[in-house]
Protein chains: 2
Amino acid sequence: MVSGQRGTVGIGEVARAAGVSNGTVSNVLNHPSRVNADTATRVHEAIQRLGYVRNGIASQLRAGTRTTVGSIVLDIRNPFFTDVTRGIEDHLATADFTLMTASSDGDVVREQRFLRLFEEQGVGGVVVVPAGEDVQRLVELAGRGTPVVVLDVSLPGSSLSSVSVDDVEGGRLALEHLLAQGYERIDVVTGAAEVRQTRDRLRGARLACESHGLDPDRVLSVRTARTLDSAGAEEAIGRLVDESGTCPHAVFAMNDLMAIGVQRALRRRELYEPGRTAVVGYDDIDLAAELLVPLTSIRQPTHALGARAAEILLAPASQEAEQVVFQPELVVRESSLGTARR
Amino acid sequence: MVSGQRGTVGIGEVARAAGVSNGTVSNVLNHPSRVNADTATRVHEAIQRLGYVRNGIASQLRAGTRTTVGSIVLDIRNPFFTDVTRGIEDHLATADFTLMTASSDGDVVREQRFLRLFEEQGVGGVVVVPAGEDVQRLVELAGRGTPVVVLDVSLPGSSLSSVSVDDVEGGRLALEHLLAQGYERIDVVTGAAEVRQTRDRLRGARLACESHGLDPDRVLSVRTARTLDSAGAEEAIGRLVDESGTCPHAVFAMNDLMAIGVQRALRRRELYEPGRTAVVGYDDIDLAAELLVPLTSIRQPTHALGARAAEILLAPASQEAEQVVFQPELVVRESSLGTARR
DNA sequence: GTCCGTCGTTGGAACGTTTTAATAACGCCA
DNA sequence: TGGCGTTATTAAAACGTTCCAACGACGGAC
């Protein structure tokens with residue numbers, strides 16, 4: 001019951017100080033045209049003097065305006081997602097929105113928890129890279145009134161908008177490149193198989209094999225890593241090498257960090273000589289070109305991806321669901337060039 | 001803006017469906033022990049059936065509970081800040097808090113805008129890497145009741161808590177290493193000079209010179225880049241080389257991305273031969289070891305930095321301000337080893 | 001049989017805004 | 001002078017929740 005110490009200056013206090021009513025202060029803030037210039041300056045003075053800061057929570061409750069957007073990516077530390085996030089953030093800033101971020105680590109339960117948190121928070125929308133392939137929860141969320149844009153996954157025919165890069169094409173490009181150099185035994189390092197983009201890239205890889213008249217099951221060997229980062233890939237390839245006693249001829253990794261993990265695993269075992277093992281990554285992160293062995297990779301328009309997603313989210317209310325698909329691009333560097341074996 | 005579906009289910013509707021009062025539904029959600037088990041299941045059923053989602057905004061307004069924290073870093077794409085952010089996020093998740101992120105790009109105005117946005121949003125606290133050296137606005141913010149933890153800057157004697165790494169020591173370590181190898185002309189590549197950590201590292205660098213009996217002004221040449229990333233450094237060093245026609249003997253860059261920019265600038269001009277130019281970076285990002293020329297760098301405990309900041313923020317209300325200082329560590333790799341000149 | 005404590009529930013007040021309908025002041029025209 | 005439209009302001013009603021004081025029912029102690 002101790003009063004005063006609660007501290008926060010409210011609109012009422014400002015009103016009293018300026019000798020006007022609550023409503024007038026509110027009008028000064030939200031509809032300046034409705035209020036006399038003199039009173040306005042008097043109110044502004046009081047605001048300044050008292051250090052009043054509008055309580056956005058109360059404001060949101062009454063007015064229903066939303067100024068925040070949530071995003072969930074698989075792991076913010078992955079440069080691909082970092083760039084995408086920055087793209088979202090930049091576009092939102094133009095509309096004075098702020099972004100709440102979360103990493104699901106590919107865990108559907110974590111994703112679900114954050115979605116609920118965001119929804120309760122009353123976000124104006126959600127940009128999400130789905131952890132699983134089931135987007136039912138997202139459709140429900142959208143049905144309850146929170147706009148959803150799905151990122152990095154295309155959902156033809158869905159009621160949700162999506163922005164993605166053609167992963168089948170990306171996988172095809174990578175394999176096409178390796179096959180063109182004569183490699184016919186290729187290890188594919190993936191994370192959890194239920195991730196959509198992994199499956200699409202694999203599909204693209206298989207298509208490339210078939211178009212060369214090869215049996216994908218004989219060409220491709222999938223190696224599953226525990227995590228989607230360099231440590232996971234290093235461990236997976238390390239185990240493969242240690243157990244089989246042989247060194248892979250060519251490796252296609254699901255992202256550049258994993259490709260780097262592959263390079264590291266081989267280098268640590270002194271198996272990584274120029275031209276011995278071809279490595280192709282994915283994402284073409286900034287640093288791909290600066291590596292000990294510069295990395296061949298698949299480039300995606302990351303910043304644009306995020307910005308576009310934010311743009312769709314903020315677009316004036318529910319239009320038709322929109323499916324945007326960007327095209328990836330192969331960037332060849334040293335890591336995949338060399339004397340092909342077999 | 002976003003127009004939600006009209007039909008949001010409220011607590012009242014659930015209450016009616018379950019044949020109880022509003023208060024009881026609220027109790028089921030917030031104080032389950034107070035309510036009879038039978039009624040509880042009946043209410044839960046109704047919640048399930050109607051797809052009720054608690055309106056967190058209204059909840060926050062009445063109860064004053066805060067479940068979100070804001071963070072402002074210089075640039076989320078910089079791996080150092082990405083790791084720190086992830087550290088914050090991970091710690092917050094243990095308390096069911098979510099993180100709102102923003103990048104100030106070192107711009108005080110941008111920072112101020114985000115701070116205001118966060119405050120209005122009613123965040124439970126703010127973790128901020130200050131863009132300028134003036135933390136007055138932050139002190140005021142804290143005074144108005146929003147806990148603030150300052151990151152990557154130490155504020156001895158301030159009323160604000162801070163978590164930082166000893167940047168003077170970091171700068172000293174870097175220079176000590178270069179001087180020990182005989183380099184006596186060292187270019188320092190920085191971003192905007194008003195950034196505190198830049199100044200501290202420079203101070204450490206000067207101290208190292210003095211302790212070797214050298215005049216810092218003769219040893220060190222500061223090169224200011226427009227941006228804190230690899231592009232900025234590449235441009236700055238490129239200009240230096242093109243204009244002076246000479247190649248730097250040793251370079252100390254303010255972060256690893258900039259160090260990579262330096263390497264790139266020299267390599268593009270075919271001036272980057274082993275042992276010719278020593279380069280030391282800062283941050284020891286994951287990839288520093290995987291570069292074309294593995295990078296000597298100063299390592300900082302990034303994840304722990306963020307986690308500790310979040311921990312202080314969530315600590316049971318205003319204790320004494322706390323100043324945590326971590327120590328950096330020199331990691332020597334090839335980029336700084338070679339035949340010293342002069 | 002009365003008194004008291006506990007348990008479960010309830011109606012209504014609060015949280016700090018925005019919004020709306022109502023009011024007051026003023027000048028203008030008939 | 002009376003009627004009417006504009007403009008500036010106000011008091012009070014929302015928004016959806018949580019909190020609080022109060023209440024009835026029950027059972028055990030005296």
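Residues numbered from 1 in each chain as written. Chains lettered and ligands numbered in written order. Predicted model: local features only at pLDDT ≥ 70, side-chain atom pairs only at ≥ 80, totals over all residues. Heavy atoms only, no water.

Draft legend 1. Layout of the overall build of chain A. When its secondary structure is counted, chain A shows 13 helices and twelve strands. By the compact-globule yardstick of 20 Å for 342 residues, chain A is too spread out, its C-alpha radius of gyration being 26 Å. Expressed as lengths along the three principal axes of its C-alpha atoms, the size of chain A is roughly 90 × 40 × 35 Å. Here chain A, with 342 residues, has 53% of them falling under the buried criterion. For chain A, restricting intrachain contacts to residue pairs at least 6 apart in sequence, the fraction spanning at least 24 positions comes to 71%. Per element, the accessible surface of chain A, about 14800 Å² overall, is 48% carbon and sulfur. Across chain A, the 36 positively charged side chains and the 45 negatively charged ones have centroids separated by 5 Å. (Helix = DSSP H or I, 4+ residues; strand = E, 2+ residues; numbered from the N terminus. Rg over C-alpha atoms; globule rule 2.2 N^0.38 Å. Buried < 20%, exposed > 50% of the residue type's maximum accessible area, 1.4 Å probe, protein only. Contact = heavy atoms within 4.5 Å. Areas by Shrake-Rupley, 256 points an atom, 1.4 Å probe, with all protein chains shown as cover. Lys, Arg positive; Asp, Glu negative; His and termini not counted. Charge placed at Lys NZ, Arg CZ, Asp CG, Glu CD.)

Draft legend 2. Representation of the packing of helix α8 (residues 167-180) of chain B against helix α9 (residues 196-211) of chain B within the structure. Residues and elements named next belong to chain B. Contact geometry of α8 with α9 gives a least axis separation of 6 Å together with a crossing angle of 45 degrees. Judged by the inter-axis angle, α8 sits oblique to α9. Like other packed secondary-structure pairs, α8 and α9 cross with a definite hand, here right-handed. Of α9, the residues touching α8 (which contributes D167, V168, G171, R172, L175, E176 and L179) are Q197, D200, R201, R203, G204, A205, L207, A208, C209 and S211. Each residue belonging to the contact of α8 with α9 can be placed in one class, and the counts come to seven nonpolar, four polar and six charged. (Axes fitted to C-alpha atoms, helices over the stretch in contact; angles between N-to-C directions. Parallel < 35°, antiparallel > 145°, perpendicular 65-115°, else oblique. Left-handed = near helix turned anticlockwise from the far one by under 90°. Nonpolar A, V, L, I, M, F, W, Y, C, P; charged D, E, K, R; others polar.)

Draft legend 3. Fine view of the protein's contact with DNA strand D. Close to DNA strand D lie 22 residues, the nearest being S21, T24 and R62 of chain A together with I11 and Y52 of chain B. Backbone atoms, meaning sugar plus phosphate, form 69% of the atoms of DNA strand D positioned within 4 Å of the protein. In the model, a phosphate oxygen of DNA strand D is placed 2.8 Å from a nitrogen or oxygen of the S21 of chain A main chain. The side chain of N30 of chain B places a nitrogen or oxygen atom 2.9 Å from a phosphate oxygen of DNA strand D. When grouped by side-chain class, the residues that make up the surface near DNA strand D number seven nonpolar, twelve polar and three charged. (Near = heavy atom within 4 Å. Polar contact = N/O pair within 3.5 Å; in protein donor to acceptor, adjacent residues only side chain to side chain.)

Draft legend 4. Broad picture of the relation of the copies chain A and chain B. Note on the copies: chain A fits chain B at an RMSD of 0.1 Å, the axial shift is 0.1 Å, and the rotation between them is 180 degrees. Expressed as a symmetry operation, the mapping of one chain copy onto the other fits a two-fold axis. A shared binding surface is used by both copies, with 84% of the interface residues of chain A retained as interface residues in chain B. (Least-squares fit on C-alpha atoms with pLDDT ≥ 70 in both.)

Draft legend 5. Region of the structure containing the protein's contact with DNA strand C. In the vicinity of DNA strand C, 23 residues are found, and the nearest of them are I11 and S26 of chain A together with S21, T24 and T39 of chain B. When the atoms of DNA strand C within 4 Å of the protein are sorted by group, sugar and phosphate make up 67%. Between DNA strand C and the protein, one listed contact pairs a phosphate oxygen with a side-chain N or O atom of N30 of chain A at 2.9 Å. One of the side-chain nitrogen or oxygen atoms of Y52 of chain A is found 3.2 Å away from a phosphate oxygen of DNA strand C. Partitioned by chemical class, the residues of the surface near DNA strand C number seven nonpolar, twelve polar and four charged.

Draft legend 6. Spatial organisation of the interface of chain A and chain B. In this assembly, 61 residues from chain A lie in contact with 56 residues from chain B. In this assembly, chain A packs against chain B so that about 5200 Å² is buried in total across both faces, 56% of it on carbon and sulfur atoms. The three residues of chain A that bury the most area against chain B are I57, R86 and E290 of chain A, which together make up 14% of that side's buried surface. Remark: the boundary between chain A and chain B carries eight salt bridges. (Buried area = accessible area lost by both parts, 1.4 Å probe. Salt bridge = Lys/Arg side-chain N within 4 Å of Asp/Glu carboxyl O.)

Draft legend 7. Summary view of the sheet that holds strand β8 (residues 250-253) of chain B. Residues and elements named next belong to chain B. The four strands are arranged β7-β6-β8-β9 in an open sheet whose pairing can be described as parallel. The two strands at the open ends of the sheet, each matched to only one other strand, are β7 (220-224) and β9 (278-280). With strand direction ignored, the average angle separating the axes of adjacent strands in the sheet is 20 degrees. Both strand β6 (residues 186-190) and β8 contribute to a ladder of four bridges, which runs parallel. Bridge pairing in β8 links D187 to V251. Packed on one face of the sheet, α8 meets β6, β7, β8 and β9 and runs near 170 degrees to β8. Seen against the sheet, α9 touches β6 and β7 and runs at an angle of roughly 165 degrees to β7. (Pairing = 2+ DSSP bridges.)

Draft legend 8. Just the pattern of salt bridges, in detail. Per the stated rule, a full pass over the model turns up 52 salt bridges over all chains. With a shortest N-O distance of 2.8 Å, D75 of chain A and R86 of chain B are connected by a salt bridge. On the criterion of chain membership, the pair formed by D75 of chain A in the loop between β1 (68-73) and α5 (79-93) and R86 of chain B in helix α5 (residues 79-93) is interchain, its members lying in two chains. R86 of chain B matches D75 of chain A in its accessibility class, with the two residues each being buried. Put simply, D75, R77, D105 and R110 of chain A together with R86 and D90 of chain B are held in one network by salt bridges that share partners.

Draft legend 9. Quick peek at the nonpolar core. Counting 93 residues, the largest nonpolar core has L175, I186 and F252 of chain A together with L175, I186, V189 and F252 of chain B as its most contacted members. Non-local contacts of F252 of chain A, meaning those with residues more than four positions away in its chain, are made with G171, A174, L175, L178, I186, D187, V188, V189, V280, G281 and Y282 of chain A. Residues L160 of chain A together with V128, L138 and V153 of chain B belong to the second largest nonpolar core, which totals 36 residues. (Core = buried A, V, L, I, M, F, W, Y, C linked by side-chain atoms within 4.5 Å.)

Draft legend 10. Highlighting the layout of surface pockets. Here the second largest pocket is characterised by a volume of approximately 1400 Å³. If you go around the second largest pocket, you meet 47 residues; those closest to its centre are V53, R54, N55 and G56 of chain A together with E120 of chain B. Those elements that place two or more of their residues in the lining of the second largest pocket are α2 (22-30) and α4 (56-63) of chain A together with α4 (56-63) and α6 (108-121) of chain B. In terms of residue class, the lining of the second largest pocket is made up of 16 nonpolar, 22 polar and nine charged. (1 Å grid on protein atoms, 1.4 Å probe; cavity = no way out; pocket = protein on both sides within 12 Å on 5 of 7 lines; lining within 4 Å. Points joined across faces, edges and corners; volume = space filled by probe spheres on them.)

Draft legend 11. Quick peek at the environment of R268 of chain B. All names here are of chain B. Locating R268 in the fold gives a position in helix α12 (residues 256-268). The class for R268 is exposed, based on a relative accessible area of 60%. In the structure, R268 is positioned 144 residues away from G124 in sequence and 48 Å away in space, judged by C-alpha atoms. A distance of 2.7 Å separates a polar atom in the side chain of R268 from a polar atom in the side chain of E234.

Draft legend 12. Fine view of the sheet that holds strand β9 (residues 278-280) of chain A. Residue and element names in this part refer to chain A. In spatial order, the strands read β7-β6-β8-β9; together these four strands make up an open sheet with parallel pairing. At either end of the open sheet lies a strand with only one pairing partner, and these are β7 (220-224) and β9. Here the strands of the sheet are splayed against their neighbours by 20 degrees on average, with no regard to which way each runs. Inspection of the sheet shows strand β6 (residues 186-190) paired to β7 by five bridges, in the parallel sense. Looking at β7, one finds that V189 is bridged to R223. Along the sheet face, helix α12 (residues 256-268) touches β6, β8 (250-253) and β9 and points at about 160 degrees away from the line of β9.

Draft legend 13. Spatial organisation of the environment of D229 of chain A. Residues and elements named next belong to chain A. Along the chain, the position of D229 falls in the loop between β7 and α11 (230-244). For D229 and L92, which are 137 residues apart along the polypeptide, the C-alpha to C-alpha distance reads 28 Å. The residues contacting D229, other than those within four sequence positions of it, are L257 and M258. Of the polar contacts made by the side chain of D229, one reaches the backbone nitrogen of G232; its length is 3.1 Å.

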